[in-house]
2 protein chains.
Amino acid sequence: MTTEQLVNQIHKKKTFLCIGLDVDLNKIPKHLLKEEDPIFAFNKAIIDATHHLCVAYKPNTAFYEAYGLKGWKALEKTINYLNEKHPEIFTIADAKRGDIGNTSSMYAKAFFEDLGFDSVTVAPYMGNDSVEPFLAFENKHTILLALTSNEGAFDFQTKTVEGKELYKKVLETSKTWKNSKNLMYVVGATKAEYLSDIRKIIPDSFLLVPGVGAQGGNLQDVCKYGMTKNIGLLINSSRGIIYASSDEYFATAAALKAKEIQEEMKTLLSN
Amino acid sequence: MTTEQLVNQIHKKKTFLCIGLDVDLNKIPKHLLKEEDPIFAFNKAIIDATHHLCVAYKPNTAFYEAYGLKGWKALEKTINYLNEKHPEIFTIADAKRGDIGNTSSMYAKAFFEDLGFDSVTVAPYMGNDSVEPFLAFENKHTILLALTSNEGAFDFQTKTVEGKELYKKVLETSKTWKNSKNLMYVVGATKAEYLSDIRKIIPDSFLLVPGVGAQGGNLQDVCKYGMTKNIGLLINSSRGIIYASSDEYFATAAALKAKEIQEEMKTLLSN
């Protein structure tokens, strides 16, 4: 998918919500456990109920790998369902990969070609040759971890390197990599005030922003400091939406929660 | 597996070689492609031929994920085969994972419990709460990326943070994490001279050292600067061993190559 197609979808649906599909069998409604593939059954119900309220879905691969072969199969079925039923939706494999060149090429092939995701999250620690194999794919997007929303972000990401925080060094250096136009960035919303500095370095790139809501981030602040003329924001919510209820009406509850956020986004987009 | 069991195995077999099982269907002998599961058939043959010459096997998960469900199944069969036939061997899931706390817990469960690996490689960028969920598993080992052997290592890892290189900051900070006794570290052998500095920070920890041989590292130098009284080194070789030949005698060729390295290690251990 091109960035332009993503922006068009945002304007059409009046939302820049991304829904995280972090499926935990201990948290999904009990009646689904009788299904042949409870993970896919859960995802399908959530997608059917919310696809008009969001522009992206983001399965975190850890939750699928934790269930071994069954989990991997459920991930395949989920991405296939999205690509067949809702090809306009932007898909993110939240995998946080990154390895030496030939290995990153294998990961890129796995997520972009075999599974058919539009994008994948990648860790920057191993530098240029660990990320560039992902960037080589046309109309695929590499979402680089810059500033994450967890406590551990303060261990290294905010430490000063050559006069600036490491995450800013990551942003600057990554701009020099081959095919850097295919980069997007993860920036945690718990630090919305950092976004104006970030926009000085990457004025146009899309940001995937976790941590709005449950983790304390504020949607209005994120838009104030981070929105660009092409919007440039995907706001992720996972647990707050998909686990809004654990009874048989869970999908409707998820849709109501997503609708609430979409309404707020609609207002922010019209300003 | 306890560290003591690993050290005992090293003394018994007179080797600290780790063999990387990075299986690429384009590189394995053509006749194996007729097998029902060519990846596992290749791994089984390599393991049968080399298990007495090494103390660890390290499948890089990217190579398995790239083949989707079939790849994942081959990885399961490989780790099951190792755990049943050679329970004394140390197993490493080279997955380079790392995510926010609840997600890292899912990864730890996947690799340590479901698949039954002894260890997993983890990226440090997201800090303490992304690594500690791995460290919580008794007699399991978390191998943290410190200084990698690729060119991109110079992008961030060797940059100065608070008066020292980032990878040294990672080593120091990680020592303060809960259950840090379960940490080992990835340190690339292309910079063997760095090992004496590294040993000042982590005098006893095991290091997983890639990049000896093909990537230019020198085994003698690595031992000179990096070996401890408990050895403290696992030297990895992947392509140099497993692709020593691509004909029907590939397993014998791999064993000969591994034997060559083991002989050198035997001498170094007796010094």
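As named in an unreviewed UniProt entry, chain A is Orotidine 5'-phosphate decarboxylase, taken from Flaviramulus multivorans. Looking at the Pathway (unreviewed entry) heading of the UniProt record, one finds this comment for chain A: "Pyrimidine metabolism; UMP biosynthesis via de novo pathway; UMP from orotate: step 2/2." For chain A, the Sequence similarities (unreviewed entry) comment in UniProt is given as "Belongs to the OMP decarboxylase family. Type 2 subfamily."

Caption draft 1: Focus on the relation of the copies chain B and chain A. When chain B is fitted onto chain A, the two copies agree to an RMSD of 0.0 Å after a turn of 180 degrees and an axial shift of 0.0 Å. The transformation just described matches what one would write down for a two-fold rotation axis. Within chain B, the C-alpha atom positioned nearest to the axis of rotation is that of Val161(B), 2.5 Å from it. Both copies present the same face, since 100% of the interface residues in chain B are matched by interface residues at the equivalent positions in chain A.

Caption draft 2: Structural context of the packing of helix H5 (residues 101-114) of chain B against helix H6 (residues 128-135) of chain B. Residues and elements named next belong to chain B. Interhelical geometry of H5 versus H6 gives an angle of 30 degrees and a closest axis separation of 8 Å. Classified by the angle their axes make, H5 and H6 are roughly parallel. Where H5 crosses over H6, the two elements pack in a sense that is right-handed. Counted together, Gly 101, Ser 104, Ser 105, Tyr 107, Ala 108 and Phe 112 of H5 and Asp 129, Ser 130, Pro 133 and Phe 134 of H6 form the full contact between these two elements. Considered class by class, the residues forming the contact of H5 with H6 number five nonpolar, four polar and one charged.

Caption draft 3: Molecular detail of the packing of aromatic side chains. Going through the model one piece at a time under the given rule, you end up with 16 aromatic pairs over all chains. An angle of 90 degrees between the planes, with centres 6.4 Å apart, marks the rings of Phe112(A) and Phe134(A) as edge-to-face. One end of the pair, Phe112(A), is in helix H5 (residues 101-114); the other, Phe134(A), is in helix H6 (residues 128-135), and 22 residues separate them in sequence. Residue Phe134(A) is classed as buried on the basis of its relative accessible area of 0%. For the pair Trp177(A) and Phe156(B), a centre-to-centre distance of 6.3 Å together with 65 degrees between the ring planes defines the contact as edge-to-face. With Trp177(A) in the loop between helix H8 (166-174) and strand S8 (183-187) and Phe156(B) in helix H7 (residues 153-156), this pair bridges two chains.

Caption draft 4: The arrangement of the pattern of salt bridges in detail. The tally for this structure, following the rule as stated, stands at 32 salt bridges over all chains. Among the salt bridges present, the one from Arg97(A) reaches Glu65(A), with a minimum N-O distance of 2.7 Å. Note that Arg97(A) is positioned in strand S3 (residues 90-97) and Glu65(A) in helix H3 (residues 61-65), a separation of 32 residues in sequence. On the accessibility criterion, Glu65(A) (1% relative accessible area) is buried. Salt-bridge contacts for Asp197(B) lead to Lys200(B); the nearest nitrogen and oxygen are separated by 3.4 Å. Residue Asp197(B) and its partner Lys200(B) are located together in helix H9 (residues 195-201), separated by three residues, close to a single helical turn. We classify Asp197(B) as partly exposed; its relative accessible area is 30%. Exposure remark for Lys200(B): the relative accessible area of 68% places this residue in the exposed category. One salt-bridge network, held together by shared partners, links Lys58(A), Asp94(A), Lys96(A) and Asp99(B).

Caption draft 5: Expanded view of the interface of chain B and chain A. Between chain B and chain A, the residue contacts involve 54 residues of the former and 54 residues of the latter. Buried surface at the junction of chain B and chain A, summed over both partners, amounts to about 4900 Å²; 61% is from carbon and sulfur atoms. Taken together, the links from chain B to chain A amount to four salt bridges. It is H5(B) that contributes the most residues to the side of chain B that touches chain A, eight residues altogether. Split by residue class, the side of chain B that touches chain A holds 24 nonpolar, 14 polar and 16 charged.

Caption draft 6: Summary view of the sheet that holds strand S4 (residues 119-122) of chain B. Residue and element names in this part refer to chain B. Spatially, S1-S2-S3-S4-S5-S8-S9-S10 is the arrangement adopted by the eight strands of the closed barrel, whose pairing is parallel. Strand after strand, the sheet turns through a mean of 30 degrees between neighbouring axes, direction not considered. Sheet analysis places strand S9 (residues 207-209) next to strand S10 (residues 233-237), joined by three bridges and oriented parallel. Counted as the bridge partner of Val 209 is Ile 235 from S10. Along the sheet, helix H4 (residues 68-85) contacts strand S1 (17-21), strand S2 (56-59) and strand S3 (90-97); its crossing angle with S3, the most-contacted strand, is approximately 150 degrees. Contacts from H6 reach S3, S4, strand S5 (141-147) and strand S8 (183-187) within the one sheet, and its direction differs from that of S5 by about 145 degrees.

Caption draft 7: Quick peek at the sheet that holds strand S1 (residues 17-21) of chain A. All names here are of chain A. The strand order S1-S2-S3-S4-S5-S8-S9-S10 describes a closed barrel built from eight strands, whose pairing is parallel. The sheet shows a mean angle of 30 degrees between the axes of neighbouring strands, taken without regard to direction. When S1 meets strand S10 (residues 233-237), the two strands line up parallel, connected through three bridges. Of the residues in S10, the one forming a bridge with Ile 19 is Ser 237. Relative to the sheet, helix H10 (residues 219-226) contacts strand S9 (207-209) and S10, its axis offset from that of S10 by approximately 160 degrees. The strands that helix H12 (residues 250-270) touches are S1 and S10; relative to S1, the one it contacts most, it runs at about 155 degrees.

Conventions we followed
- Residues numbered from 1 in each chain as written.
- Chains lettered and ligands numbered in written order.
- Predicted model: local features only at pLDDT ≥ 70, side-chain atom pairs only at ≥ 80, totals over all residues.
- Heavy atoms only, no water.
- UniProt positions renumbered as here; feature names shortened; annotations may be inferred.
- Least-squares fit on C-alpha atoms with pLDDT ≥ 70 in both.
- Contact = heavy atoms within 4.5 Å.
- Axes fitted to C-alpha atoms, helices over the stretch in contact; angles between N-to-C directions.
- Helix = DSSP H or I, 4+ residues; strand = E, 2+ residues; numbered from the N terminus.
- Parallel < 35°, antiparallel > 145°, perpendicular 65-115°, else oblique.
- Left-handed = near helix turned anticlockwise from the far one by under 90°.
- Nonpolar A, V, L, I, M, F, W, Y, C, P; charged D, E, K, R; others polar.
- Phe/Tyr/Trp six-rings, centres within 6.5 Å; stacked < 30°, edge-to-face > 60°.
- Buried < 20%, exposed > 50% of the residue type's maximum accessible area, 1.4 Å probe, protein only.
- Salt bridge = Lys/Arg side-chain N within 4 Å of Asp/Glu carboxyl O.
- Buried area = accessible area lost by both parts, 1.4 Å probe.
- Pairing = 2+ DSSP bridges.

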